[in-house]
Amino acid sequence: MKASRIEDPAIVQSPLAIQGLTVSYAQKPVVYSVDFIVPPGSLTAIVGPNGAGKSTLLKAALGIKRRLSGEVLVYGAPYAQQSHHVAYVPQRNSVDWDFPATVLDVVIMGLFREVRWWQFTRRHHRDTAMQCLGRVGMEAFAKRQIGQLSGGQQQRVFLARALAQSADLTILDEPFAGVDAATEKAIVEVLKALKQQGKTLLCVHHDLSTVRDYFDHVLLLNVRRIAAGPVDQAFTAQTLQEAYGGRLSALQLERIVSPPLSTQKV
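Residues numbered from 1 in each chain as written. Predicted model: local features only at pLDDT ≥ 70, side-chain atom pairs only at ≥ 80, totals over all residues. Heavy atoms only, no water.

Test applied: UniProt positions are given in the numbering used here, feature names are shortened, and annotations may be inferred rather than shown by experiment.
Per an unreviewed UniProt entry, the protein chain is named Metal ABC transporter ATP-binding protein, and its organism is Litchfieldella rifensis. Quoted verbatim from the Sequence similarities (unreviewed entry) heading of the UniProt record, the comment on the protein chain is "Belongs to the ABC transporter superfamily."

See the structure below:
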């Protein structure tokens, strides 16, 4: 007898399994019937053109946006029951940077399961937050108001907040958007270190030229799922042309799919 879907080992073991997810705006699907299982311990990119539904897919999976249909499971159980396994780093443009909080305050917010709103933070909470800031090179800015930082510095702080949660799955929505090269390198190093620790990372990503350097798995999306799997198998000239509607030139595809041998990984 065939095992039921939730008994499927791939779903039970996955930090995030999305089944038949559809989201629509004004009766027009922006994400349509997407199935996607995130492999545990992977560093996975969600790639596709503007308007493909990449961020919408994540927000619907996390319950931030309403989904028309579909199911989201974390380790085989509904997301609402398993949300403590997941940390989320939103797009920078979705954050109120005028909020009167220091860098240290923002990172301590990642400890919300330990520190309730009516409680005072303790020394070990502050020490944990400072350690997380140290991992992203931001400990010297702990007392700075979050809105006084550059875009790249703000992104590092929100990554530190995610680190404080010690989640099994960290979801990042365009973590490299608008950051400088040094910040991008620092973020990649942190993500790869987390992967080496057995954590799972899922990122919306725009720069096709770095997919092979940064990630080991990929989901190609354009409203519907185009392809998914290990980068070497799913990130091909054919799937890219399908995802991008044939708008990529032969030269672009050659550079993306077969980068020069001199290209160095970050």
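### Things to note about the pattern of salt bridges
If the charged atoms of two oppositely charged side chains come close together, the side chains can form a pair. The line we're drawing: A carboxyl oxygen of Asp or Glu within 4 Å of a side-chain nitrogen of Lys or Arg is what we treat as a salt bridge. Helical segments are the DSSP runs of H or I of at least four residues, strand segments are the runs of E of at least two, and each set is numbered from the N terminus. For every residue, the accessible area (1.4 Å probe, protein chains only) is compared with the maximum for its type, and the residue is labelled buried under 20%, exposed over 50%, or partly exposed between those bounds.
According to the stated counting rule, one finds 4 salt bridges in the structure shown. The partner of aspartate 216 in a salt bridge is lysine 195, and the shortest N-O contact between them spans 3.4 Å. Placement of aspartate 216 in the loop between helix H8 (211–214) and strand S9 (217–222) and of lysine 195 in helix H7 (residues 181–196) is noted, with a sequence separation of 21 residues between them. On the basis of relative accessible area, lysine 195 is assigned to the partly exposed category, the value being 30%.

### Thoughts on helix H2 (residues 54–61)
Extensive coverage of H2 is indicated by the burial of 7 of its 8 residues. Residues of H2 that are buried include every one of Lys54, Ser55, Thr56, Leu57, Leu58, Ala60 and Ala61, and no others. Immediately beyond the C-terminal end of H2, within one or two residues, lies glycine 63, with a positive phi of roughly 80°.

### Quick word on the environment of alanine 129
The condition that has to hold: The criterion used for residue contact is that any of the two residues' heavy atoms lie within 4.5 Å.
By the element assignment, alanine 129 lies in helix H5 (residues 123–135). Along the backbone, alanine 129 and valine 23 are 106 residues apart, and their C-alpha atoms lie at a distance of 36 Å. The residues touching alanine 129, leaving out its near neighbours within four places in the chain, are Leu104, Val107 and Ile108.

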